[in-house]
Structures are given as structure tokens and as C-alpha cells.
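# Summary of structural features
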Amino acid sequence: MTNKLPKTYEPDKIEPKWQERWEKEEFYRFDFDVEGPVYVIDTPPPFTSGTLHMGHILNHTWIDIAARYKRMRGHNVLLPQGFDCHGLPTELQVEKLGISKEDRERFREACIDWTEKSIEKMKAQFKRLGYSADWSKEYRTMSKDHITKVQLSLLKFNDLGLVYRKRHPIHYCCNCGTALAKAELGYIERDGTLSYMRLGVDGIDNGHITIATTRPELMCACVAVMVHPDDERYGNYIGKTARLPLYKREVPIIADEDVDMTFGTGAVYVCTYGDEQDLVWQQKYSLPAIVAIDENGRMTEYAGKYKGMTIEECQKQIIEDLKSSGAITKQEPITHRVLIHSERSGCQRPIEFIPMPQWFIKIKDKSKDVINAAEKMNWYPEYMFQRLTDWANSLDWDWVISRQRVFGTPIPFWYCEDCDEIIAPLQDDLPVNPAVDGAPVDSCPRCNSKNIKGNLDVCDCWVDSSISPLIASNWLSDEFEKLYPTSIRPQGYEIIRTWLFYTIFRCLILTGEAPFKDILVNGMVLGEDGKKMSKSLGNVVAPDEIIDEYGVDPVRQWAAIASLGEDYPFELKEIVHGKRFLTKMWNVVRFGMLHRSGAPGELNIVDKWILSKLNRLVREVTADLDGYEFKTLQKIRSFAWSELADNYIEMTKYRLYGDDVGAKNAARYTLSRVVETVLLLLAPFVPHFAEECYSCIGDSSIYRCKWPEADESLIDDEAEKGGEVIKEVIGAIRRYKSEKGLPLNAELEKIKIYANAHDEKWIKQGINDIKGTTWAKSVEIMRGAPEKKGDALQVRDVTVVICGVY
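The structure presented is a predicted model; accordingly, all values stated were derived computationally and were not measured.

Working note: α-helix, 3.6 residues per turn, so residues spaced by three or four point in the same direction. In a regular helix each residue adds 1.5 Å, so 16 residues correspond to 22 Å; helix α13 (residues 496-511) covers 21 Å between its end C-alpha atoms and thus fits that length. Along α13, the residues classified as buried are Ile496, Thr498, Trp499, Leu500, Phe501, Tyr502, Thr503, Ile504, Phe505, Arg506, Cys507 and Leu510. Glycine 512 sits one or two positions beyond α13 and adopts a positive phi of about 80°.

This is the structure:
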């Protein structure tokens, strides 16, 4: 306990002091020997970009509030923190350094070096946030231990027959040079051109059929023309063949109910592959597959004279040629949905469907298991469960887990080039890198072939991070059964279909249990303009700049009052308000330190009023935090600012500075109890502020204190009603003085208060508070109609008459 609090609240001084002390003392280190139920947080490992953005600040502030609250409630909290290291964005950064991916080892080492530096910057930001992680439990997805566990999980999946390798049309980003899972895709609206093209048809009066397409460059891969069986325009066409312009190749005309008769001409051509529907039709009718585009985004030999052109070049040239031949009859602008690579790399480029060998995990048939497990969890907010359900029910592809990159967890398998048999390593040999390590066998155990090839691909990053609950619970150790399942998974709604779905799926397979009990979902942070933060829009806010100016505890308050699951705009005014509140509360604590007392004395109606409201607040805030409603902070701030600072303190100063020892002790006791309880309530939200203030009045860290419990015996509806009457009477008189230009300590000759029998009871109990706070020489309680002499003030059913001012 220090002697006094400095006069001025200066976050730039107190925040680093406590951060250094917490780190030095390993204050938040998890210890199994500590009593209390274990509470394990499955924290999201941020991608190692080198900096935290405002979304991280919101998400991890919520996590920290929950951790601090649970500790004060007696839980033994394990808050590990990981870093998601692998991925395309890191590779792009390293490529900018001039290091080629062809030199795989040098490239990988450069990625590791870049990632290590990024992690150090991000850890410094986490610590500056006041984030109470146990850094001894830190994990990195590029570490040997983590890669070993990821590879072991894949070995177990392979043993269960859930892993396979197959040549299959997959979503492929030619810009990034890698396969993608469906969850990494998104749609955007883009302007394009709809071209109407004539295809020759023999045996038809007009001799042709017109199709409409936005992708004429795929003409060379056309394998059929589709029409709807109920479309009367094309009844005579079904079963005939259409002749492609330029290529002079014939394709069948087929009727299928999936054709949209309202789009274009109602006739479409099937290309392998323009979109997912093309894939469905190709497989449904056993149509040939023609690969028009290679993995570099260039036209193949099937494109004829367009071979080697980019997609854009080919589209431009083939349109000119089709026009010249008379095949294009018209064109019109169109705004249509384009499937793009929307995940973390941010390339936002259209994807292609390209057949190539890839590694898959069988997931389609497991979606119901995921839904059933998720339904038993506690969702905050509840409606987010539907997002997971909708995604799981929409799955029609298995999970493509292979990526054609270098910096990632190697898929731990070899395969036979003759029969495609998958060859797994021994568990004791993990981690392995089949790209450089020799195969565990000399010949294929299935066909005896010597043609054993090591896999070159690495895992999708979600394969790494989807075992995070296992990592947090120290999977494969003696501790695991005590820590798993974890208590809570906090995350954003935008990765429900990826991180959350894959985690539940994988952990169910590996453990037979759901990986967590609670799911806490936050929305996205928007710019002050209400739009998604984007450098191109100029609305990105750098957390460090805001913290430099206002301190981190005001920023944490901004994060706390976001609503569960909803997008939340950054508002500077909220951070300014947060700092103003802490300055106000700082002065309240300093004032309270001047009047501390342990002897209660006889409490009056105003003391009972504030204690009743305080305990009601404790009850409400506790219930809110049990449900992760962090915006309950607004209730605490409202009470502290309005009821405590602006009213209770003002109504008790006359006692605190008066000569009546009993009245003074009652006010001191009440004030001390209220201030200390408010600090305890604020502790999860503003840790540096709370620690600094409590260090001046307590004997230990505030985080060694128990969370306050509501004393139901002190919650008194009648006392609150009475206190409100007295508060409003005093408030009306103080406003009167202000309006008259009088100082608040201006003495009043007499106050007459006209009240009904019910309010008169309260006025009598608080008459000394009214008299002492308003500096009135006398206060009389009257019956009947108010006198017309003096200035009359109306407060509810009470009339206050000011009879004179000294």
C-alpha cells in the first residue's frame, strides 16, 4: 500500500509500470496447484503480420476481460497465446526480399526469420494491451512441437481412412499459385460483358442456337450445351449437336432442370471448368474434361492459337475473332458475382477450376456430427449457431488441405506413383518433410513398385490452427485430461466456417469430445465511416497511435462496450470519453483516500440508498459477465460517475467535514466500501488503472482479491426510492443556485418543502442531508398548498420553496 495517489491520472506512466511488474513476477503464470476450477481459453492465434489491428484489440480485450473476471471469481485460468505463422502473406513478404521459392531451404529460413521478428513486435503490443497471457504457454505453428502434433493428427486421420489423394478439379488461385478450400473463397460483384454467340445446329430451321456467356475464352473447353426441358424454345434442339465457332467441334445439346431459363437466352454452354455447375454437369453426364487454363493462369494447347495467352489476353482476342466471324450477335454490360480468393492474402483475384492431384480430408459426411456437437455448446450470441449450421449443411466438397507453397507444415506422406498408395511415416519419426526426407519403405506395400515419391505440398493453415484446443490443453501429456475440453473459444464470426468448423470437426475425430463448452463471437471492427477498415478507403486506425495519445485502458473501454456478434465502428469520441471517465474516477479515489474508515457508524437514508444501488449493480454486472456481456461496463461507469461522484459524494461532504463523529464515520465507511467495490468491478476492464488505485488502498494486487458478491440484505427498494427523492430535491436546489449565478455554497435563509405523506417520510429521514448539502439555515416540511412567497421548484410531487438567500 502506498501513501497516496498522484494528483493527475497519467496512463503513460502507470501502464508501463504495471506491465513490467506483471511480467517480472510472472503474475499470470498458470499453476495446477492453485485451487479453483480450471478455466482454459482457446485463444485465436493471430497471423504473424507484424502488427495487431483494431480487430485484434477488440477480440483480445474481450478475452482478457473474461480471464481477469474468472480469476477474481476463483477460477484457475489458463490463458495461452499462439501465433499462426505459416501462410501465403509471409511468403509474399519474403519474395519481396528477392529470395526465390525455388531455393526451398533458404526461402523457408527467411520466412522463419521474418516471422520471428513479427512475433516480437506483436508480443510487445499484447503486453502493452495489458493482456494477461501466460507466455510460458506460448505456441507457434512453425515450431517443431506444433508441426509434430499437426502431422500426428493427420496420421491418425489417415489410419481412419479420412485422408486421400486424388486428381480432381479444385479451386485454384493462379495469382497465388495454390489450391484453395471452399472456405477460403468469397463472392464479389463485378462489372462484366455478356456475349451472345451463335453455335451452328444442323436440322433446325434457323440453323443455330444462341448461348450467352461472360467467359468466351473457355470456348475451347466447351463439352455440351444445356437447355431446360420445359423451355419450349428448345424442344427441337434436345438430342442434337451444336457446332462451336472457331474450333469447328461438335458438342451435344442436353436438357437439364438446373438450367436458368431466365438468364441470357436460356441456353448455356458447359466448359471444363467455368464454375461449380459445370463440374456438376460434367460428372452427371460423363462428359469429357478439357483443361483450358493451366496453373499459371495461361491458356493450354487446347486453346489453339491462343495457347500461352493470359486469361485476359485470350478473352480480348477471342471476342475480336468471334465478332469477325459473325458468331457474336450482341454484347451487353452485366454485373455478376465472381468467385474470388478472399482469404487472408487479400489478392481478391478470380479463381479457376483446375484438375490436379491434391490431398483431401473427407468432411462432407461428418457435417452432421459437427452440428450436433456445436448445438450442445453455449453460444454467445445464440443466433451465431445458425451460421455454423448453414455452412455445414451447404458443404458439397471435401476439404482440400494441400497448398502449393513452401512455408507450411509438410503433409507427412509419400505416395506410390504407380498405384497412388499413401505411405505414412512412423509416429516416432515425426516431424518429417517428405520433400527432402527418404521414404520409410523401399517399395510400395500395395504393388511393390519402387516409384515412391515424397509429397511436396504443405498444409492449409487451418490444418495448423484447427487443433488449437489440443495445443492449449497440452495434448499427449498427463495434463490433457485435466484441461480438455477447453472452457471457451473466442473468435470472430467471419471464421465460423473455417476455424470453428474445422476445429470442432478435427477435435471430435481425435478425442471423441467437443473441444470447448462456450463459444464467444465478436463482430468486425469498422472504420469511423461505418465501412470495413481498408487502406484504400483511408479509414484504418493504428492501435499504437491511439494508445500513445490516450493510454490503453481507455481503448479497452471502447472494445468492451461492443455488442456480441455485431460489427462495431471505431469511434474516437468513445475513447476520449473513456479517458474522461478514468480521470473522474481517479479523483473519486483520491477523495475517498482522504476519508477512509473501517467503523460503519449508523447509516442514514443516503448511505442505504447508495449501498442498495451498489449491491444491485454488483448483482447485475456479475450476471452480465457470466454471459460475456462486457458492455455492462456502461452500467459501472454510469453508477460511478452519476450516483457516486455527482451525487453521493456531494450529499455527504457536509458530514465528512462536519463535527458529528457518528455521521462522519457512517459516510466514511460507506464511501470507502463503494469506492473499493467499484474498483473491483472495473478491474477486468481497466487493469492498469485498477491496479494503481488499489495499490494505494489495498494490501495486495487487486487481482488477488475476490470478486464482490451482492449483499442481498442491503438491496432495499424503499431506501432507493427515498434516496432518489432526496437526491432530486438537492439536485433541483443546486440547479437553482447555478441558474441564479450563485455559488453552490451560497447560504439559503430557509427552504420549505411541501410533500405528500409518502414523500414526507423520506424528506424527514434526509432533512439533514438536504440542509447540509444546500447550505440552508433551516428546512421546514410543510402541508397544504405551497406559499406564493419565494421561488418554487417542482420535484415529482414535491414542491420546494426557496424563501431567501443570505
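And the narrative resumes.
Moving on: the sheet that holds strand β22 (residues 486-492). Read from one edge to the other, the open sheet built from 3 strands follows the order β15-β23-β22, with strand pairing classed as parallel. Edge positions in the open sheet fall to β15 (378-380) and β22, since each of these has one partner strand only. Strand-to-strand twist of the sheet, defined as the mean angle between neighbouring strand axes without regard to direction, takes the value 15°. Sheet topology places β15 next to strand β23 (residues 516-522); 3 bridges connect them, and they run parallel. Pairing of tryptophan 379 across the sheet is with isoleucine 519, part of β23.

Let us look at a negative patch on the surface. On the surface, Asp230, Glu232, Glu257 and Asp258 cluster together to form a negatively charged patch. By the element assignment, aspartate 258 lies in the loop between β11 (250-255) and β12 (268-271).

In this structure, the second largest pocket spans a volume of roughly 1,500 Å³. Lining the second largest pocket are 45 residues, and of these Thr214, Arg215, Gly274, His336 and Arg337 sit closest to its centre. Of all the secondary structure elements, the ones that give two or more residues to the lining of the second largest pocket are β7 (185-200), β8 (208-213), β12, α6 (276-284), α7 (311-325), β13 (328-341) and β14 (352-361). Ranked by the residues each element gives to the lining of the second largest pocket, the list is headed by β7, at 6 residues. For the lining of the second largest pocket, the per-class residue count stands at 20 nonpolar, 12 polar and 13 charged.

Tallying each qualifying case throughout the model produces 29 aromatic pairs. Where tyrosine 380 meets tyrosine 628, the ring centres are 4.9 Å apart and the plane angle is 75°; that geometry is what we call edge-to-face. Taken as a pair, tyrosine 380 in strand β15 and tyrosine 628 in the loop between α17 (605-626) and α18 (633-656) lie far apart in primary sequence, 248 residues in all. The class of tyrosine 628 is buried, set by a relative accessible area of 2%. Feature note: the residues Trp18, Trp22, Phe27, Tyr28 and Tyr703 constitute an aromatic cluster, connected by ring pairs. Here arginine 21 stacks its cationic end above the ring of tryptophan 18, 4.4 Å away from the centre of that ring. The ring of tyrosine 415 has arginine 165 lying over it, and the distance from NZ or CZ to the ring centre is 3.6 Å.

Taken in spatial order, the 4 strands of this open sheet run β6-β5-β14-β16, and their pairing is antiparallel. Strands with a single pairing partner mark the edges of an open sheet, and in this sheet they are β6 (178-180) and β16 (399-400). By the bridge criterion, 10 bridges tie strand β5 (residues 163-173) to β14 in an arrangement that is antiparallel. Among the inter-strand pairings, isoleucine 170 is bridged to a residue of β14, identified as isoleucine 354.

Moving on, we come to the pairing of β12. Residues Val268 and Val270 line one face of β12 and the alternating positions Tyr269 and Cys271 line the opposite face, and both faces are buried. With 4 bridges joining them, strand β9 (residues 222-227) and β12 adopt antiparallel strand pairing. Within the sheet, the bridge partner assigned to alanine 224 lies in β12 and is valine 270.

Glancing now at unusual backbone geometry. In this structure, the amide linkage connecting tyrosine 380 to the following residue, proline 381, adopts the cis form with an omega of 0°. Tracing the sequence through the fold places proline 381 in the loop between β15 and α9 (384-394). Cis peptide bonds are those with omega within 30 degrees of zero, and the linkage from tyrosine 484 to proline 485 qualifies with 0°. Position of proline 485 relative to the elements: it lies in the loop between α12 (480-483) and β22. Its identity as a non-glycine residue notwithstanding, lysine 248 has a phi of 55°, on the positive side. Inspection of the secondary structure assignment puts lysine 248 in the loop between β10 (241-243) and β11. Here the phi dihedral of tryptophan 775 falls at roughly 60°; this positive angle occurs in a residue that is not glycine. Within the element layout of this structure, tryptophan 775 appears in the loop between α23 (767-774) and β27 (779-782). A relative accessible area of 42% means that tryptophan 775 is categorised as partly exposed.

Interaxial distance between helix α21 (residues 717-739) and α23 falls to 10 Å at its minimum, and their mutual angle equals 20°. Classified by the angle their axes make, α21 and α23 are roughly parallel. Crossing handedness for the pair α21 and α23: right-handed. For the pair α21 and α23, the contacting residues are Ile726, Val729, Ile730, Ile733, Arg734 and Lys737 in the first and Asp769, Ile770, Thr773 and Thr774 in the second. In terms of residue class, the contact of α21 with α23 is built from 5 nonpolar, 2 polar and 3 charged.

Below, the discussion takes up the side chain of threonine 90. Relative to the helices and strands, threonine 90 is located in helix α3 (residues 88-95). On the accessibility criterion, threonine 90 (0% relative accessible area) is buried. In this view, threonine 90 contacts Phe47, Thr48, Cys85, Cys111, Trp114, Thr115 and Phe407; residues no more than four positions away in its chain are not counted.

The biggest cluster of nonpolar side chains holds 134 residues, and the ones touching the most others in it are Trp558, Met585, Phe630, Leu644, Val678, Val729 and Val800. Excluding its chain neighbours within four sequence positions, the residues that come into contact with phenylalanine 630 are Trp62, Ile65, Ala66, Leu520, Ala560, Leu625 and Phe685. Within the second largest apolar cluster, 60 residues are counted, among which are Leu152, Ala181, Ile371 and Phe516.

Looking now at the pattern of salt bridges. Opposite charge on two side chains allows them to pair when their charged atoms are near. What the rule picks out here adds up to 53 salt bridges. A salt bridge links glutamate 138 to lysine 123; its shortest N-O distance comes to 2.9 Å. Here glutamate 138 is found in the loop between α4 (104-128) and β4 (139-140), whereas its partner lysine 123 is found in helix α4, with 15 residues between them in sequence. Between aspartate 460 and arginine 403 there is a salt bridge, and its shortest N-O distance comes to 3.3 Å. In this pair, aspartate 460 is assigned in the loop between β21 (458-459) and α10 (461-465) and arginine 403 in strand β17 (residues 402-403), connecting sequence segments 57 residues apart. The exposure class of aspartate 460 is buried, given its relative accessible area of 1%. Among the charged side chains, a salt-bridge network with shared partners connects Glu116, Glu120, Lys123, Glu138 and Arg140.

About the thresholds
- Residues numbered from 1 in each chain as written.
- Predicted model: local features only at pLDDT ≥ 70, side-chain atom pairs only at ≥ 80, totals over all residues.
- Heavy atoms only, no water.
- Helix = DSSP H or I, 4+ residues; strand = E, 2+ residues; numbered from the N terminus.
- Expected span 1.5 Å × (residues − 1).
- Buried < 20%, exposed > 50% of the residue type's maximum accessible area, 1.4 Å probe, protein only.
- Pairing = 2+ DSSP bridges.
- Axes fitted to C-alpha atoms, helices over the stretch in contact; angles between N-to-C directions.
- Patch = residues over 30% accessible without salt bridge, like charges linked within 9 Å, V, L, I, M, F, W, Y side chains within 5 Å.
- Areas by Shrake-Rupley, 256 points an atom, 1.4 Å probe, with all protein chains shown as cover.
- Salt bridge = Lys/Arg side-chain N within 4 Å of Asp/Glu carboxyl O.
- Lys, Arg positive; Asp, Glu negative; His and termini not counted.
- Charge placed at Lys NZ, Arg CZ, Asp CG, Glu CD.
- 1 Å grid on protein atoms, 1.4 Å probe; cavity = no way out; pocket = protein on both sides within 12 Å on 5 of 7 lines; lining within 4 Å.
- Points joined across faces, edges and corners; volume = space filled by probe spheres on them.
- Nonpolar A, V, L, I, M, F, W, Y, C, P; charged D, E, K, R; others polar.
- Phe/Tyr/Trp six-rings, centres within 6.5 Å; stacked < 30°, edge-to-face > 60°.
- Lys NZ or Arg CZ within 6 Å of the ring centre and 35° of its normal.
- Parallel < 35°, antiparallel > 145°, perpendicular 65-115°, else oblique.
- Left-handed = near helix turned anticlockwise from the far one by under 90°.
- Contact = heavy atoms within 4.5 Å.
- Core = buried A, V, L, I, M, F, W, Y, C linked by side-chain atoms within 4.5 Å.

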